[in-house]
Amino acid sequence: MTPAAGNGGQGGAPTRAPDPTELVRRVGYLRTLALAGLVGVPVSLAAFGFLALLHAAEHRIWHDLPQALTGSDTPPWWWPLPLLALAGLGVGAVVRWAPGHGGHVPVDGLGGPPPSAAELPWVLVAALASLPLGAVLGPEAPLIAGGGGLALLIAHLAGVEKGSRKSMIVAGSGAAAAVAAIFGSPVVAAVLLIEMIQLSGAALAIVVVPCLLAAGIGAIVFTGLGAWSGLPIGSLTLPVPATDFRPDIADLLWAVPLAVLAAAGIRVVRLVAHRVAPWVTARPLSGTFAAALGVGVCAAAYSLMTGRSPRRRRCRGSSCWPRWRPIRPPGRSCCCWRCCCSRALGTRCRWRRCAAARSSRR
């Protein structure tokens, strides 16, 4: 190492790292904070419009279109097959030929650089070509990419240097605002960003503060716009019903083995995904089409075996909550996992307390 690299300035004095308290008081950081807060407004507006468009497209495809073609509001059992085949072709084409290949590779987890101005539209095209057509995925990944890309574009228009630390902080703030919109809480956005940026200590605090500011402003604008417009939008928040009942010890104890099983299942899925990812990367069009068609076959098989509408298997977030919420009888307790498993299989819960609850409601 040369003396110039190892020492700071003349005389060989070692370079001292800047104090985080001094750093946050600098005019440059305060300007970054103000820009991050301002970015939360257009990002939340864009997220609201994206989610409203998703909801409208889903309603047209899964409600209005089956009624126009078959005369019934309930789609037939084969309905997911052509829709998901079309979604596989659309997403595969974006991955194969579009700039940016439709966003980051999901098997690599959250994170990665935000999309550029040329890549951002194709991320949204891939999302709109898959989510309304029955892909059982949440909108958080395209919202994170879209929020970060839009914030990065605004930062460049405001004169922020490309590739600088300031531009990356503003891009992270845009992603936080988008996450806060879909989850309904800026705290969730902060937790996800802590996982994505992989920093700690003072460096983490310096990055998280602008993100929290943008997420808070974005959540307020998103909530106010939804109340003002009255447009129905999708959300990953679960509304807690008004009830006097509380979870008992059985609910808490059963959560432990279920969490272990969920973790083991996720581990298996990740291992399979890492094995399949190279094959799909080499053949994006045919691989995506085959995966989407496989999901469609599973959806059609679910509808045939249970006699239920295939529309139910594509619900996510709060849209599933009214159907899955168990009803507890007064003065009694009921393990939620039993009711949820029974409803998933299309049967009634056979536990004695659930049977007593049904008898008391007759």
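No experiment lies behind these values; they were computed from the predicted model shown.

**Student:** In this structure, what is going on with the overall build of the chain? I would like to understand it.
**Tutor:** Within the chain, the regular secondary structure consists of 14 helices and zero strands. In the chain, the order of α-helices and β-strands from amino to carboxyl end is α-α-α-α-α-α-α-α-α-α-α-α-α-α. In the chain, which comprises 362 residues, the proportion classed as buried is 35%. Relative to all contacts within the chain whose residues are 6 or more apart in sequence, the contacts with residues 24 or more apart total 69%. Put simply, the chain shows about 20500 Å² of open surface, and 67% of that area lies on carbon and sulfur atoms.

**Student:** Help me understand the side chain of Ser-44 in this model?
**Tutor:** By the secondary structure assignment, Ser-44 is in helix α3 (residues 27–70). Among the polar contacts made by the side chain of Ser-44, one reaches the main-chain carbonyl oxygen of Val-41 at a distance of 2.8 Å. Beyond its immediate stretch of four places on either side in the chain, Ser-44 contacts Gly-218, Val-221 and Phe-222.

**Student:** Any chance you could explain the confidence of the model for the chain here in plain terms?
**Tutor:** Close reading of the predicted structure is inappropriate where its pLDDT is low. In this model, the chain carries a mean pLDDT of 78, and residues with pLDDT of at least 70 account for 73%. The spread of mean pLDDT over the elements of the chain runs between helix α1 (residues 3–6), the lowest at 42, and helix α4 (residues 80–97), the highest at 94. Scored below 50 in pLDDT, residues 1–11 shows seven contacts in the model against residues more than four places distant or in partner chains.

**Student:** Just checking my understanding: could you explain the nonpolar core for this structure?
**Tutor:** When a protein is soluble and globular, its nonpolar side chains tend to lie buried together. With 21 residues, the main nonpolar core has Leu-35, Val-39, Phe-50, Leu-51, Leu-143 and Val-170 as its most contacted residues. For this core, the secondary structure elements donating two or more residues are α3, α6 (140–157), α7 (165–183) and α9 (201–229). With eight residues, α3 is the single largest residue contributor to this core. Ignoring any residue separated from it by four or fewer positions in sequence, one finds Val-170 in contact with Thr-32, Leu-35, Val-39, Ala-151 and Ala-155. Among the nonpolar cores identified, the runner-up in size contains 13 residues, and Ile-144, Met-196, Cys-211 and Ala-219 belong to it.

**Student:** Whenever I open this one, the pattern of salt bridges confuses me. Can you help?
**Tutor:** A side chain with one charge may pair with a side chain of the opposite charge, provided their charged atoms come close. Across all of its chains, the model carries one salt bridge by this definition. A salt bridge links Arg-60 to Asp-64, with the nearest nitrogen and oxygen atoms 3.5 Å apart. Highlighted residues: Arg-60 and Asp-64, both in helix α3, separated by four residues, approximately one helical turn. With a relative accessible area of 28%, Asp-64 lands in the partly exposed category.

**Student:** Help me understand the packing of α3 against helix α5 (residues 120–130) in this model?
**Tutor:** The angle between the axes and the distance between the axes are what describe a pair of packed helices. Interhelical geometry of α3 versus α5 gives an angle of 25° and a closest axis separation of 10 Å. Here α3 is positioned roughly parallel relative to α5, judged by the angle of their axes. Here α3 runs over α5; the crossing is right-handed. Contacts from Phe-50, Leu-53 and Leu-54 of α3 reach α5 at Leu-124, Ala-127 and Leu-128. Partitioned by chemical class, the residues of the contact of α3 with α5 number six nonpolar, no polar and no charged.

**Student:** How should the layout of surface pockets be read in this particular structure?
**Tutor:** To locate leftover empty space, one rolls a probe as large as a water molecule over the atoms. In this model, the largest pocket occupies a volume close to 1900 Å³. Contributing to the lining of the largest pocket are 45 residues, with His-104, Val-105, Pro-106, Val-107 and Leu-137 lying nearest its centre. Counting residues per element, the ones that place at least two in the lining of the largest pocket are α4, α5, α6, α10 (249–282) and α11 (284–306). Ranked by the residues each element gives to the lining of the largest pocket, the list is headed by α10, at ten residues.

Calculation notes
Residues numbered from 1 in each chain as written. Predicted model: local features only at pLDDT ≥ 70, side-chain atom pairs only at ≥ 80, totals over all residues. Heavy atoms only, no water. Helix = DSSP H or I, 4+ residues; strand = E, 2+ residues; numbered from the N terminus. Buried < 20%, exposed > 50% of the residue type's maximum accessible area, 1.4 Å probe, protein only. Contact = heavy atoms within 4.5 Å. Areas by Shrake-Rupley, 256 points an atom, 1.4 Å probe, with all protein chains shown as cover. Polar contact = N/O pair within 3.5 Å; in protein donor to acceptor, adjacent residues only side chain to side chain. pLDDT = per-residue confidence, 0-100. Core = buried A, V, L, I, M, F, W, Y, C linked by side-chain atoms within 4.5 Å. Salt bridge = Lys/Arg side-chain N within 4 Å of Asp/Glu carboxyl O. Axes fitted to C-alpha atoms, helices over the stretch in contact; angles between N-to-C directions. Parallel < 35°, antiparallel > 145°, perpendicular 65-115°, else oblique. Left-handed = near helix turned anticlockwise from the far one by under 90°. Nonpolar A, V, L, I, M, F, W, Y, C, P; charged D, E, K, R; others polar. 1 Å grid on protein atoms, 1.4 Å probe; cavity = no way out; pocket = protein on both sides within 12 Å on 5 of 7 lines; lining within 4 Å. Points joined across faces, edges and corners; volume = space filled by probe spheres on them.

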